[in-house]
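Given next are the chains, with one letter for each unit.
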Protein chains: 4
Amino acid sequence: MNKNKIPVAILGATGSVGQKFIELLSDHPWFEIAELAASDKSAGKKYSEAANWIMSSSLKEKYKNMTVQKCEPILNSKVVFSALDSSVAGEIETEFANKGYYVISNARNHRFDKDVPLMVPEINPNHLNLIRQQNYKGAIITNPNCSTIGLVLALKPLYDNFGLDAVNVVTLQAISGAGYPGLASLDIYDNVIPYISGEEDKLESEPLKILGSLNENSIDNAAIKISAQCNRVAVIDGHTECVQVKLKTKASIQEIIEAWQNYKSIPQQLNLPTAPEHPIVYFYEEKYPQPKLHRNIEKGMAVAIGRLREDPLFDFKFVIHSHNTVRGAAGGTILIAELMKSQGYMDNL
Amino acid sequence: MNKNKIPVAILGATGSVGQKFIELLSDHPWFEIAELAASDKSAGKKYSEAANWIMSSSLKEKYKNMTVQKCEPILNSKVVFSALDSSVAGEIETEFANKGYYVISNARNHRFDKDVPLMVPEINPNHLNLIRQQNYKGAIITNPNCSTIGLVLALKPLYDNFGLDAVNVVTLQAISGAGYPGLASLDIYDNVIPYISGEEDKLESEPLKILGSLNENSIDNAAIKISAQCNRVAVIDGHTECVQVKLKTKASIQEIIEAWQNYKSIPQQLNLPTAPEHPIVYFYEEKYPQPKLHRNIEKGMAVAIGRLREDPLFDFKFVIHSHNTVRGAAGGTILIAELMKSQGYMDNL
Amino acid sequence: MNKNKIPVAILGATGSVGQKFIELLSDHPWFEIAELAASDKSAGKKYSEAANWIMSSSLKEKYKNMTVQKCEPILNSKVVFSALDSSVAGEIETEFANKGYYVISNARNHRFDKDVPLMVPEINPNHLNLIRQQNYKGAIITNPNCSTIGLVLALKPLYDNFGLDAVNVVTLQAISGAGYPGLASLDIYDNVIPYISGEEDKLESEPLKILGSLNENSIDNAAIKISAQCNRVAVIDGHTECVQVKLKTKASIQEIIEAWQNYKSIPQQLNLPTAPEHPIVYFYEEKYPQPKLHRNIEKGMAVAIGRLREDPLFDFKFVIHSHNTVRGAAGGTILIAELMKSQGYMDNL
Amino acid sequence: MNKNKIPVAILGATGSVGQKFIELLSDHPWFEIAELAASDKSAGKKYSEAANWIMSSSLKEKYKNMTVQKCEPILNSKVVFSALDSSVAGEIETEFANKGYYVISNARNHRFDKDVPLMVPEINPNHLNLIRQQNYKGAIITNPNCSTIGLVLALKPLYDNFGLDAVNVVTLQAISGAGYPGLASLDIYDNVIPYISGEEDKLESEPLKILGSLNENSIDNAAIKISAQCNRVAVIDGHTECVQVKLKTKASIQEIIEAWQNYKSIPQQLNLPTAPEHPIVYFYEEKYPQPKLHRNIEKGMAVAIGRLREDPLFDFKFVIHSHNTVRGAAGGTILIAELMKSQGYMDNL
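Report follows, based on the coordinates. Computed from a prediction, not measured in an experiment: that's the story for all the values here.

**A closer look at the sheet that holds strand β3 (residues 69-70) of chain D**
Residues and elements named next belong to chain D.
Moving on, step 1. Taken in spatial order, the six strands of this open sheet run β3-β2-β1-β4-β5-β6, and their pairing is parallel. In this open sheet, the two strands that pair with only one neighbour each are β3 and β6 (139-142).
Moving on, step 2. Relative to strand β2 (residues 31-38), strand β1 (residues 6-11) runs parallel, the two sharing six bridges. When the bridges of β2 are listed, A9 appears paired with E35.

Laid out in structure tokens, this is it:
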């Protein structure tokens, strides 16, 4: 164990998001995985036996023999990443926070708790202050839904520069977003499923909180009308979203592209380890962005945008793409932890 | 040769749409394929040698040994179905029409000629009268783009019953729509391509002519604002479209569903051989419609609709699905021919 | 209920093989589905609610409202098709047979019972006599594994005409063979899984019983050495198998192809409703057979063969393809029932 | 331009193998791409305009603006990697060799020239001496076929330790092996193509030369009987091969696994930049190896093996997997160049 690194635990370590946390944290400069926790069924087993490893990189030796712990607040690591399923995340995360743990969660359960920040570090780093309102001994901080993050990163420079009245979004989402085992191959191969349970609600509500402004003790939601339609397609990783926007003030195509290209924020200024140098990359090729070509730009932490053009019904339409399990899940959550550390929240662990 | 059937020829018979024409016409009660024509490269060969047959049903023996003809207006059949590529269709179809042939075309070239009807037999059967304006010795009649047909069939009952102000559509289109060889497997496998050349223009313009009204000698376009975004996904057959509509008058969800379910038109009344009994099938299951499950309903000639719900930005949103190479290409074109015959246009051939 | 048809029940009716039975029996001239039975979890529900219908044809109205029965031997139909999972099939099938039912099963449990025939109607129709040895009031008759049936149909004409010393087979099997939900999409998309639990054993043993000869009260296995390697590939339906054979006597390529092309047997002579006119179809095109093009030949009941050529290590090698859920499961099982009926076994039901 | 690196050119730089060369050489410690050459159609254009970049990593800026050269022997780089199509490679490579270039080729044309080594650096590094027999001012050195390399690496330890009588191999090959655009999506999606032109011949002949022994001025082929059957499956990268072997001497499963695990050779001893630390990785999990999980082990330069078991017809059977465009093409070819440099062949360039 590296004494200079902060020990962290992963709750729900055997699932697909848990595995992605392990993959992304295996060489992290600040954090070191000290404990892996999962369901009672897995607890007590060696990790390599408890988990059906499905990442394309090999499981590191150091994790293979770790004994899986129960998801109970008796872990030594005070920083825990939650990759728990929403069927159990709510209660377990509360227990951990009550016992003094920092729970940085990818689960949806606490996202709309009044005192819980819903964080995209580039967009709303100040929302972190909300945790001072929490009555937990520790704290809960949440990461948005995978399809929200890409969208809201693309929207933020528009919101800041031109104002946003309305957003229309249709998604084409990857199968990895459904977890593992997730979708049956017979259901999605040679098919489109035009429905993802709960997803449209998340896309229509989460951006409002993320783009909202921090009051003394809560968030004032942004006043934007959003309509979302969500589809599952036969892509392994990477969500594509067709977006239309109605702005508050006039903007030219060139101004919008520049707003995206120039967009940098706190994580970039702080040079956080997982922060992309360019959170937004604009492509001029008319066939871009594409999952296969762009899911890994900036190590999966950037949003790829293309096809900005005028729209007959809104002002503009464009296509965005972002990696749903990196930026949209484990990577985004790790970036929150990095922001917290850089702002002193982990000084006394 | 069956003396009681009308002999027809297929132009562009070796391509994927040409093959679908052959498949669908092989047991047709009214028409019999008498000639297969294709590019000079194929002409003179046996059909089975000229074409790389990719349909999932076997090529019938009777077509294997047919000698492929050149696409020149010296064919015996006076009714020709054009499955020609748009790079050559315009001129060849004009030549045939000048020489007295009825050219019923799936190609885009003549769709917006002022005197050429753009037909969906259920929707605008009376547009057929336009051909009287044509100066050809024969006539040219066109079938819309594959993604247009499904959309416009779903829109027609709304247009008639409630009026339409605006339509927003995002498509997830099958690879067979790109013809053969079409998309490289390395380009579309595990991928989405958010661009289809020319497709958005077609979707934004063709419905206006189809839903338009016939004047003495031309079509007055319908006054609807349409925005389209088109994507290619890894599905073999069947286009999915996420649609939003703004109506002119109030409507309830139940009223809309009933308008769809009750929709029948001339082809159904005439009991045309290729006409679906129900042109529109509404599904209440929240995960429907899907390409794999619904592409073949009503032998691929119906539009499947589902997920009708209220929309925060428009009035309603819903999902449609239709078979792009059957209803959207060869099948739709054959239905036009059936309408023409039933209305006496082929009586004196 | 049609009085002229034999009422049948399907055990395990909600699973994927059960659904295929329903699809194939929905217009059967001799049998009519009178009862659908499944697990206790499904029993009592309407079939359309108990089953997640995944067939590409629509579920017929007449089945939607059938109440699912328990798999207990109190059904009215005396002929039951078993699509049960092997985890429960053994015991349930025994119970039904004890109570006087004819159980025609697609499950593996009883395949190697000494007095249970393992049937491919073209190959070993006389094995049906084995059921006279059974102590059941009814009887159990089994259908082989999906990958076995295609292989053994291809081997039978070689075995009869030239003798078989050794068979080497490597399979590329479709995902539908794993049932539903079966393989996770993340496991098989862009992948090959070079292992199917228990499959190689079945392929190395079942052909020996099927090609074996009937003694007074059991089967003498055929004396052939078989080696099998089984892979799962990203194909929806249809198993491809690369086969090598060592014959007992000399044969030319032409003689082998003729043996295949001329192969007809009892089901063809009896003109059984589900029997393919040609059980084996040989293709000369060097790229054939292929799942996408040939899975449905003879309505999925024939074996497609191609690429017969000499082999440096064996005598010959070739490629076969057959539909795993039609010929290899439900269709093959129905053909057994048809054979039984045509031979008088169902006269007194 | 880095003065300390050897400038190299890539012939056929716009194709898929050419692109993989660029990707793998973009940070190479010894070589630097100085020139990109392609067909006359591409020559004169900027590389980013001439090539349709399909690699999943982004094209580096430094290559985007390189002007594509003609494939004529007037290039400045004396080391050229040939990714040319076999329709033109033979002649062009000869011209370059005649003019003094070292041509290290992935094309098949010269593989069986008597004085041209067919190299897998781990297996036959001494075959490099063959080029002294060549009458070229420069030299031609070839890399084997993609499916050969994985196979022959797996065979080499068996050949050395136990002798090999016979090898039977059935492949399941990735679509990237067909180049770009290569296979039409409609041909391979939901399909298997049981034929790859020329591939079986290569697999049956190339291993004999590679495993052969160097005489004074040619290679004595190894005396092994090989039978190969090749299939194309819907996998993007990575060839799976089901292999059976008959050994000359007895071996246990444990001995074979150890022979594989202990296998290291010259490239490992020389620590060549592209050499895998372990050329062969054995997996004990019964479902391994798999393309999705193992194509990238050792950066795509190792062969993954699993499922070693006894065989009823041969002695043993097992499954191998290797990355067809890395180890099997560009990566393998670069390793040859590294071997050449380390052995002094490039000292006087």
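**Considerations on helix α11 (residues 326-342) of chain B**
All names here are of chain B.
Moving on, step 1. Across its 17 residues, α11 extends only 21 Å between first and last C-alpha, which sits more than 12% below the 24 Å expected from 1.5 Å per residue.
Moving on, step 2. A maximum bend of about 45° is found in α11 at G332.
Moving on, step 3. One or two positions beyond α11, positive phi appears at G344, with a value near 90°.

**So, the nonpolar core**
Moving on, step 1. Core analysis: the largest hydrophobic core is formed by 208 residues, its most contacted members being I141(A), I141(B), I141(C) and I141(D).
Moving on, step 2. The contacts of I141(B), once residues within four sequence positions are left out, are Y102(B), V103(B), I104(B), S105(B), V116(B), P117(B), M119(B), L128(B), I131(B), I336(B) and M340(B).

**A closer look at the interface of chain C and chain D**
Moving on, step 1. Contacts between chain C and chain D engage 49 residues on the former and 49 residues on the latter.
Moving on, step 2. Taken over both partners, the interface formed by chain C and chain D buries close to 3,700 Å², and the fraction arising from carbon and sulfur atoms is 54%.
Moving on, step 3. When residues of chain C are sorted by the area they lose upon contact with chain D, D190(C), Y195(C) and L313(C) head the list and together hold 17% of the total.
Moving on, step 4. Joining chain C to chain D, the criterion identifies eight salt bridges.
Moving on, step 5. For K317(D), the salt bridge goes to E204(C), with nearest N and O atoms at 3.0 Å.
Moving on, step 6. Inspection of the chain C/chain D interface yields 32 residue pairs in polar contact (both at pLDDT 80 or more).
Moving on, step 7. Elements supplying a minimum of two residues to the side of chain C that touches chain D: β7 (164-173), α6 (185-188), α7 (199-210), β10 (225-232), β11 (239-247), α10 (291-294), β13 (303-310) and β14 (316-322) of chain C.
Moving on, step 8. No other element matches β10(C), which puts seven residues into the side of chain C that touches chain D.
Moving on, step 9. The class makeup of the residues in the side of chain C that touches chain D is 27 nonpolar, eight polar and 14 charged.

**Focus on the relation of the copies chain C and chain D**
Moving on, step 1. Turning chain C through 180° and shifting it by 0.0 Å along the axis lays it on chain D, with an RMSD of 0.0 Å. Interpreted geometrically, this transformation is the action of a two-fold axis. Within chain C, A234(C) has its C-alpha nearest the rotation axis, a separation of 3.1 Å.

**Describing the interface of chain C and chain B**
Moving on, step 1. The interface of chain C with chain B comprises 13 residues on the first partner and 13 residues on the second.
Moving on, step 2. Summing both partners gives a buried area of about 1,000 Å² for chain C against chain B, and 49% of it is carried by carbon and sulfur.
Moving on, step 3. Viewed at the interface, chain B and chain C are joined by zero salt bridges.
Moving on, step 4. Counting across the interface, chain C meets chain B through two residue pairs in polar contact (both at pLDDT 80 or more).

Parameters and conventions
- Residues numbered from 1 in each chain as written.
- Chains lettered and ligands numbered in written order.
- Predicted model: local features only at pLDDT ≥ 70, side-chain atom pairs only at ≥ 80, totals over all residues.
- Heavy atoms only, no water.
- Pairing = 2+ DSSP bridges.
- Helix = DSSP H or I, 4+ residues; strand = E, 2+ residues; numbered from the N terminus.
- Expected span 1.5 Å × (residues − 1).
- Bend = angle between axes of the 7 residues up to and from the residue.
- Core = buried A, V, L, I, M, F, W, Y, C linked by side-chain atoms within 4.5 Å.
- Buried < 20%, exposed > 50% of the residue type's maximum accessible area, 1.4 Å probe, protein only.
- Contact = heavy atoms within 4.5 Å.
- Buried area = accessible area lost by both parts, 1.4 Å probe.
- Salt bridge = Lys/Arg side-chain N within 4 Å of Asp/Glu carboxyl O.
- Polar contact = N/O pair within 3.5 Å; in protein donor to acceptor, adjacent residues only side chain to side chain.
- Nonpolar A, V, L, I, M, F, W, Y, C, P; charged D, E, K, R; others polar.
- Least-squares fit on C-alpha atoms with pLDDT ≥ 70 in both.

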